[in-house]
Amino acid sequence: MRAAIVDPDSVRSELEKVVSSAAFQGAGRSGKLLLFLVERTVGGMGDQLKEYTVGAEALGRGESFDPRTDSIVRVEASRLRTRLDLYYSSEGRMDPVRIVLPKGGYIPKFEWVTPDPSPVVASDRTWLWKISTALALAIAILAVWRPWHRVAAIPAATRLEVDLGAEVSLRSTQVGSSSVILAPDGSRLVFVSFRQDGVPRLMSLMLDQIGGSEPVELPGTEGARGPFFSWDSRWVAFLASGRLWKTPVEGGTPIALCDSPELLGASWGDDNGIIAALSTTDLWRIPSGGGKPTRVEKLPEGALWPQVLPGSRAVLFSAGATSLRQRNIAAVSLTDHKTKTLIHGASYARYLPSGHLAFVDQGTLFAIPFNLDRLEVNGNRVPIMPDIALGLFGSADFDVSGTGQFICRRRLGGAKSVIRWLSESGSGSPLLDELAEYSWPRLSPDGTQLAFLRANGGQMNLRVWNWATGKLVQEIVGSEPVTSPVWMPDGRFVVVSGSAGGMRFLNIDGSGPLQTLVGGNEAQIPWSFNPTGSHLAFYQRGVSAGGSPAFNLWTVPIKMDGDVITAGRPGAFVISNAFQVYPEFSPDGHWIMYTSLESDAYEIYVRAFPDNGRKWQISNGGGVVAHWAKDGKRIFYRTLDQRLMVADIATSGAALRSQVPRLWVDRRLADTGVLPNFDVAPDGRIAALVSPPQAAQQDEHHVTFVMDFLAEVRRRAPK
């Protein structure tokens, strides 16, 4: 590299080559942003390139642009860096001048370089041979020793821990399928990795280059979730920015397939069609070239995590995945539309080329022989591997290639946790030390009682527990499981979401049964009351502003007469194309805080109530679940990697000001995906779900890999 300054004419000549290149075709904002930044810098106005100026002028946000609440500049700058890297690693490799946009700033640099015409040297390919040899030896030992014939414990499959590199950050908090996937031909791994800006991206790595090469970011995949391969391993599809996309695995420009605010599993069949769960209710057909989705008919409620079976004549899916009742694995024929229930009490099934189904039940991976022609299972389920990391609605973090490799993320101890008090100093004391699968912890208004859900026999039951006396106050077990308990301000009643839709309420003294508050068939999830109890905020499954399935924010007026509670007509609070949940009233009732996916990552926002059209972003780099402190001066939220953050808040009339969030306590909470795992007490303490000392999540750089997985399955579950 030469130290000479690049003259303006050479810079402009290079700029013209870059923006007219194939890497920038269809780049939209990236090309315009590059032109703006370079021209301002060459014109001697580089010192003006601040985030506000770029957003207001280059990206058309205007004078009202607020970078604290709008992340467009950071997102578009990241996309521009990706396209520049793509250009200079391909068609611009021999250019004598390079345009570089340093991270953390918006002033481009211009550099003379000496082109390197030498070919790329292939990396060492001995990694797979070493793994194969080690696995063959271990499998041979297991075959002779057969320890599972002598002990009752689940025999662990032979597995290796693979470090994907220090720049990789794998996190399980996503709505979507597995965050790590294998190409059907066994050639490569694609995974969702988070960078420091909190936005996920897709990374790709050839399996024979693990340990010798760094993963490569697939360009244009900022905000990606729920990736899945095409049947021929040439494409990978994903959800980002409210759309389903596909992109070549070798790199290139992503192609939009259809609008979708959500993706709860998808599969690309060998007929070149896609079956996807674009909402929590139905499966949809999508042409692989793009087009309007069409509904797959006659499916049960909550059909998620589909896999198109070989031949594309049937689809495997999880039935009842969004309900609180027992989840089942089923298959539907795409010819006669008949559905068969295959396995009770399990979810996230995947067909294996060995003629088995692999599926997950409470964190353990099982296998069972499967007749593909008759769509029937045979024999008994057999445990294969414990400690699979779980996600929302019964999803799991594992994948199997068509050539027999297996990959997963692990979580020791499964989904079980304890409930503890946490303080800012890091000290804690037990609330519930019984190890169980908990979720949705909600403290009563006076802080003396805790409502929560606890798994029992595959079903989540509501419990109300008085931690001061150590006594169980109420438990709902039986025909109607519920979720999302919300205390009324007087502390006598709890409102819940009903399993069949709508919302219910009950008196915690046990004096009456569950009663209907708001009827309907759509899922309505209550979340908070205003301080007087006159309004309830909830989110509801419905239709977005663009006509796609979504969750939107609502409020409903509430009246109370003795022990009788009635609801008025619900009113929409925020309807948009984004996935929006957890609307919480501020302690004074003038604001509503909520979680939204509008910026390609979960973030926390606040709006006035009633809404005045303005919003303020509170979190920075990802926020999933948030609660107000009782004094209204702080907001606590949980990050994507299970850390508790706090942001100081000040309000003045119709304006709100938020300070930069800071880490509240240096301790991670139990991983519950996007479901709530903490609440704030009146005295400022946190009641949180915490993993037991012996439990541990893999660090964010590692995955578990099994080379000859199908041989292991055949031994455990012979047909």
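Please read all numbers here as calculations on a predicted model, not as lab measurements.

**Student:** Would you mind going over the pattern of salt bridges in detail, with residue names and values included?
**Tutor:** The tally for this structure, following the rule as stated, stands at 23 salt bridges. Among the salt bridges present, the one from Arg 662 reaches Asp 648, with a minimum N-O distance of 3.0 Å. Of this pair, Arg 662 sits in strand β50 (residues 662–665) while Asp 648 sits in strand β48 (residues 644–652), and the two are 14 residues apart along the sequence. Residue classification places Asp 648 among the partly exposed positions, given a relative accessible area of 29%. Of the charged contacts in the structure, one is a salt bridge between Glu 712 and Arg 716, with a shortest N-O distance of 2.7 Å. A residue pair is termed a helical-turn pair when its members lie 3 or 4 positions apart in one helix, as Glu 712 and Arg 716 do in helix α6 (residues 709–716) at 4 residues.

**Student:** Tell me what's going on with the packing of helix α1 (residues 8–19) against helix α2 (residues 29–42), and back it up with residues and numbers.
**Tutor:** Relative orientation of the contacting elements α1 and α2 amounts to 180 degrees, with a least axis distance of 11 Å. Taken as axis vectors, α1 and α2 run roughly antiparallel relative to one another. Taken together, the residues of α2 that come into contact with α1 (itself represented by Pro 8, Val 11, Arg 12, Leu 15, Val 18 and Val 19) are Gly 31, Leu 34, Leu 35, Val 38, Glu 39 and Val 42.

**Student:** Lay out the nonpolar core in plain terms, naming residues and giving numbers.
**Tutor:** A general trend in soluble globular proteins is that nonpolar side chains are found buried together. Formed by 99 residues in total, the largest nonpolar core has its most connected members in Leu 365, Phe 398, Phe 406 and Phe 709. With near-sequence residues (within four places) excluded, Phe 709 lies in contact with Leu 352, Leu 365, Ile 384, Val 400, Gly 404 and Phe 406. In this structure, Leu 15, Val 73, Leu 80 and Trp 112 belong to the second largest nonpolar core, which totals 29 residues.

**Student:** Outline helix α3 (residues 51–58), supporting the account with residue identities and numerical values.
**Tutor:** Counting buried positions over the 8 residues of α3 gives 6, a clear majority of the element. Where α3 is concerned, the buried positions are Glu 51, Thr 53, Val 54, Gly 55, Ala 56 and Ala 58. Elements in contact with the buried residues of α3: α2 and α4 (72–88). Just beyond α3, the residue with positive phi is Gly 60, at close to 70 degrees.

Rules and cut-offs
Residues numbered from 1 in each chain as written. Predicted model: local features only at pLDDT ≥ 70, side-chain atom pairs only at ≥ 80, totals over all residues. Heavy atoms only, no water. Salt bridge = Lys/Arg side-chain N within 4 Å of Asp/Glu carboxyl O. Helix = DSSP H or I, 4+ residues; strand = E, 2+ residues; numbered from the N terminus. Buried < 20%, exposed > 50% of the residue type's maximum accessible area, 1.4 Å probe, protein only. Axes fitted to C-alpha atoms, helices over the stretch in contact; angles between N-to-C directions. Parallel < 35°, antiparallel > 145°, perpendicular 65-115°, else oblique. Contact = heavy atoms within 4.5 Å. Core = buried A, V, L, I, M, F, W, Y, C linked by side-chain atoms within 4.5 Å.

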